[in-house]
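# Observations on the three-dimensional arrangement
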Amino acid sequence: MTHAMLKGSNVPLQATTVRAVLRWLPGQGVPDVDASALLLGPDDRVRSDEDFVFYNQPRHPSGTVWRLGKKRDGDGLTDTIQTDLAGTEPDVGRVLLVASADGVTFDRVRDLRILLYDAQTPDAEPLALFDIKPETGQETALICGELYRRGEGWKFRALGEGYSNGLRGLATDFGISVDESEAAEEPAADPAAQAPAPPRAHPEAPTQAHAPAAPEVSGPLPPEQ
């Protein structure tokens, strides 16, 4: 059974490897969307820049989190992050699942959602589904959800927290060091998606979209007791 998620809700996961699929509808004026992930340590920060999985660094050195890339899905496009929960390093407590657009605001992205699958049964119905509604529409990056440890297991929480300073702003908020020259690079277009390509991106967890000059960030929703 698929759990239809509301913002802030969570669901326990029995699967040992999960596939998080971002899906949206393309169209004129609709930006391309990229999926990425941040692995956070005990202090809710990345342990190093290697904990950022995105289009220029599609696989974590541990081999437990990787980007599968873009695909056509009927009339939609998808970009996917896969996570081996069972193999994730013990000091990783959260994996943030992120969507970003290439300098274009999310009010122009249609029908954005994240679907979570058991990667070992990819043809089965999704474990969870969250329709993401940006709070201001001016976000250019969103934390769609998070995989987080609870006791001996893992849960998924729907978030939808936004940044108006893009993937670069979001990533630096969690401790990523962004090289200015690298931040300016454009990733190559994905032929499978036949669509343009997008952006790049200190720590405290975020909430709603904030201005690029001085982003105000507050902590994420408290984990379930």
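Residues numbered from 1 in each chain as written. Predicted model: local features only at pLDDT ≥ 70, side-chain atom pairs only at ≥ 80, totals over all residues. Heavy atoms only, no water.

We apply this condition: UniProt positions are given in the numbering used here, feature names are shortened, and annotations may be inferred rather than shown by experiment.
By the naming in an unreviewed UniProt entry, the protein goes by TerD family protein and is assigned to Streptomyces sp. SID14436. Taken from UniProt, the Sequence similarities (unreviewed entry) comment for the protein reads in full: "Belongs to the CAPAB/TerDEXZ family."

## Focus on the overall build of the protein
The cut-off we apply is this: Secondary structure elements follow DSSP: runs of H or I no shorter than four residues count as helices, runs of E no shorter than two count as strands, and numbering proceeds from the N terminus. Classification of residues uses two cut-offs on accessible area relative to the type maximum, computed with a 1.4 Å probe and protein chains only: under 20% is buried, over 50% is exposed, and between them is partly exposed.
A tally of regular secondary structure across the protein gives 2 helices and 12 strands. Expressed as a percentage of the 225 residues in the protein, the buried residues total 51%.

## Focus: the packing of aromatic side chains
Which entries qualify depends on this criterion: The criterion for an aromatic pair is that two Phe, Tyr or Trp rings (for Trp, the six-membered ring) have centres within 6.5 Å, with stacked assigned to planes under 30 degrees apart, edge-to-face to planes over 60 apart and tilted to the rest. Here, over-ring charges are defined by two tests on the NZ atom of lysine or the CZ atom of arginine: distance to the ring centre within 6 Å, and angle to the ring normal within 35 degrees.
Taken as a whole and judged by the stated rule, the model has 2 aromatic pairs. Consider the rings of Phe52 and Phe54, whose centres lie 4.2 Å apart with planes at 5 degrees: the pair is stacked. Each of the two residues, Phe52 as well as Phe54, counts as buried. Members of the aromatic cluster, joined through ring pairs, are Phe52, Phe54 and Tyr55. Cation over ring: Arg59 sits above Trp66, and NZ or CZ is 4.7 Å from the ring centre. Here the basic side chain of Arg157 rests over the ring of Tyr148, its NZ or CZ set 4.2 Å away from the ring centre.

## Some points on empty space enclosed by the protein
Selection rule: Any residue with an atom within 4 Å of a point lines the site, the site being either a cavity, points on a 1 Å grid over the protein atoms alone where a 1.4 Å probe fits but cannot get out, or a pocket, an open set with protein on both sides within 12 Å along at least 5 of 7 lines. Grid points are joined across faces, edges and corners, and a volume is the space filled by probe spheres set on the points. Basically, the charged four are Asp, Glu, Lys and Arg, the nonpolar ten are Ala, Val, Leu, Ile, Met, Phe, Trp, Tyr, Cys and Pro, and anything else, Gly included, counts as polar.
Empty space within the largest cavity amounts to approximately 40 Å³. Among the elements of the structure, strand E3 (17-25), strand E4 (33-40) and strand E8 (94-101) are those that each provide at least two residues to the lining of the largest cavity. In terms of residues, the lining of the largest cavity owes the most to one element, E3, which gives 3 residues. Residues of the lining of the largest cavity, tallied by class, amount to 8 nonpolar, 1 polar and no charged.

## Some remarks on the layout of surface pockets
As a volume, the largest pocket reaches approximately 330 Å³. As for the largest pocket, its lining consists of 14 residues, and the residues nearest its centre are Arg19, Val21, Lys71, Thr78 and Thr80. Contributions of two or more residues to the lining of the largest pocket are made by E3, strand E6 (65-73), strand E7 (76-84) and strand E9 (110-118). Considering every element that reaches the lining of the largest pocket, the biggest residue donor is E6, with 5 residues.

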